[in-house]
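One-letter residues, chain by chain:
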Amino acid sequence: MRQFVDAVDVVGSGGSELEKKQQEQWAASGGRYIGVNGKDEDSPSNNDDGNTDIQLFYYFVESERKPEEDPLAANIVFPDTPVYTGFSYSKSSPNLYVGDKESSKSIYEFVVKWLIGHPKFKSNPLYIGGDSYAAKKGSSQGSFIQLSLFISDIETRKYPFLRLEGYLLGNPVADRQLETNAGVPYAYGMGLLSYELFESMKENCKGSYMNFDLDNANCLKDRQKYQECIRNISVAHITEDRYCGDIGPKHEEPIDNRRSLSAVAEVVASSESVLPIPRYRDYNQNLLSGYWANDNHVQEALHVKKETIKKWVRCSFDVPYKEDILSSVEYHQNISTKLGYRALIYSGDHDFMVPHVSTEAWIRSLNLSITEDWRPWFLDDQFSGYTRTYSSGLTYATGAGHTTPEYRPKESYAMFERWISHAHL
């Protein structure tokens, strides 16, 4: 990937006066924030970006191939969303509650405004993507609201420059009840439960392992045994060590003037008692990224606005957020079967958070015709996972944990590059 592009492309003489005004505003702010509202009554065409409450920070990395031609997926625009994620913030309140629907509308507004501010990318194909619950916030659940908004405006030609061609979702949260219930057959299939306990749970719980009648003493007893079996399993990757405890750097002083995570890793690895000792994967990722992102030099280089957030946290569970979409399967049904947009959905076969069996179950519920049946896919003659393709343009693939790129970056990059280039996995 090329280095981060810091300034917006205020080029060309085309566009409305509003578009030119927005370009000037974003250029003056360093091109790192876009203001959004995410409300039904607001639209990107009538918002004054300088007065909007929610300020979404974003990263932009150009494609190494042909950025002027490659899709907006190879040219990566990565917003910190929802508000309070990463460097994004609210002007009015530190505790502004948003939900799946509002956050999704904010992302839609963000994308439209970003394209107005970067006119040279208006003609590029557009893909929407997200991992895990970002397949909800940014999102799998939310992504489909976004897609519905895009499709509606494409059909009415509200924004003629929108060239939506598809979407990609990794380890996607789609239906909480389905995913939680799938944990039991997944655990048995991966050797985490005994045959006897699995058979007993099937008989006593009647296939409803999570939402069962509490008066069902036999099912409750089996559930307790099940919880004992999985208590110390890493849900992100069942074969990895599980980390429990406070995650993140406690050393408040900057680590030198390192500009990359690899450089920070070298410092942490070579330090003695002053800094925490790198241990498990999740711990290491949160530790190193926290040192990097909270460094003053890094924030200055990224044009982070001073005093807008107290501390950057990689995985924060304190964000004021409400889940107001319980299932996105209906959105999948409408978009995948009726509109024919390309889709890449990938799961981690060692992912216990969003088991692949639940993802495969809702894909089956779409009743799509299979054009290429289940087969292994490879990279450098090494097994990488399994894949299957459908007539609607949907490609499904497996490999690694939660999320897949964290555990298998090389393979994930190859999977993405092949798919975005319309090649077979």
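Above this note sits the structure.
Remember, it's a predicted structure, so these values are computed and weren't measured experimentally.

(A) Structural context of unusual backbone geometry. Across the junction of T81 and P82, the peptide omega takes the value 5°, indicating a cis bond. Along the polypeptide, P82 turns up in the loop between β3 (76–79) and β4 (89–90). Following H402, the chain continues into T403 via a peptide bond in cis, with omega recorded as 5°. Mapped onto the secondary structure, T403 falls in the loop between β12 (394–398) and α13 (404–407). For E307, which is not glycine, the phi dihedral falls at a positive 65°. Within the element layout of this structure, E307 appears in the loop between α10 (296–301) and β8 (321–322). Within the chain, N367 stands out as a residue other than glycine whose phi angle is a positive 55°. Looking at the secondary structure, you find N367 in the loop between α12 (356–364) and β10 (370–379). Judged by relative accessible area, which is 68%, N367 ranks as exposed.

(B) Quick peek at a nonpolar patch on the surface. On the surface, a cluster of nonpolar side chains totalling about 380 Å² of accessible area is made up of W374, F378, F383 and Y386. Counting residues per element, the ones that place at least two in the nonpolar patch are β10 and β11 (382–390).

(C) The side chain of D80, seen in detail. With respect to the secondary-structure elements, D80 resides in the loop between β3 and β4. One buried charged residue, D80, forms no salt bridge at all, with the nearest opposite charge on R32 at 9.4 Å. When near neighbours in sequence (up to four residues on either side) are disregarded, D80 contacts L56, F57, Y59, T85, G86, F87 and S88.

(D) Expanded view of the sheet that holds β12. Taken in spatial order, the six strands of this open sheet run β6-β7-β9-β12-β11-β10, and their pairing is mixed. Strands at the two margins of the open sheet, each flanked by one partner only, are β6 (126–131) and β10. Across the sheet, the mean angle separating the axes of adjacent strands is 15° when strand polarity is ignored. With five bridges connecting them, strand β9 (residues 342–347) and β12 associate as parallel partners. Within the sheet, the bridge partner assigned to I345 lies in β12 and is Y396.

(E) Focus on the packing of helix α6 (residues 195–205) against helix α7 (residues 217–230). The interhelical angle for the contact between α6 and α7, taken along N-to-C directions, is 145°, at an axis separation of 9 Å. Crossing angle aside, the handedness with which α6 passes α7 is left-handed. Contacts between α6 and α7 pair L197, S200, M201, N204 and C205 from the former with N218, C219, D222, R223, K225, Y226 and C229 from the latter. Considering only residue class, the contact of α6 with α7 consists of six nonpolar, three polar and three charged.

Cut-offs applied
Residues numbered from 1 in each chain as written. Predicted model: local features only at pLDDT ≥ 70, side-chain atom pairs only at ≥ 80, totals over all residues. Heavy atoms only, no water. Helix = DSSP H or I, 4+ residues; strand = E, 2+ residues; numbered from the N terminus. Buried < 20%, exposed > 50% of the residue type's maximum accessible area, 1.4 Å probe, protein only. Patch = residues over 30% accessible without salt bridge, like charges linked within 9 Å, V, L, I, M, F, W, Y side chains within 5 Å. Areas by Shrake-Rupley, 256 points an atom, 1.4 Å probe, with all protein chains shown as cover. Salt bridge = Lys/Arg side-chain N within 4 Å of Asp/Glu carboxyl O. Lys, Arg positive; Asp, Glu negative; His and termini not counted. Contact = heavy atoms within 4.5 Å. Pairing = 2+ DSSP bridges. Axes fitted to C-alpha atoms, helices over the stretch in contact; angles between N-to-C directions. Left-handed = near helix turned anticlockwise from the far one by under 90°. Nonpolar A, V, L, I, M, F, W, Y, C, P; charged D, E, K, R; others polar.

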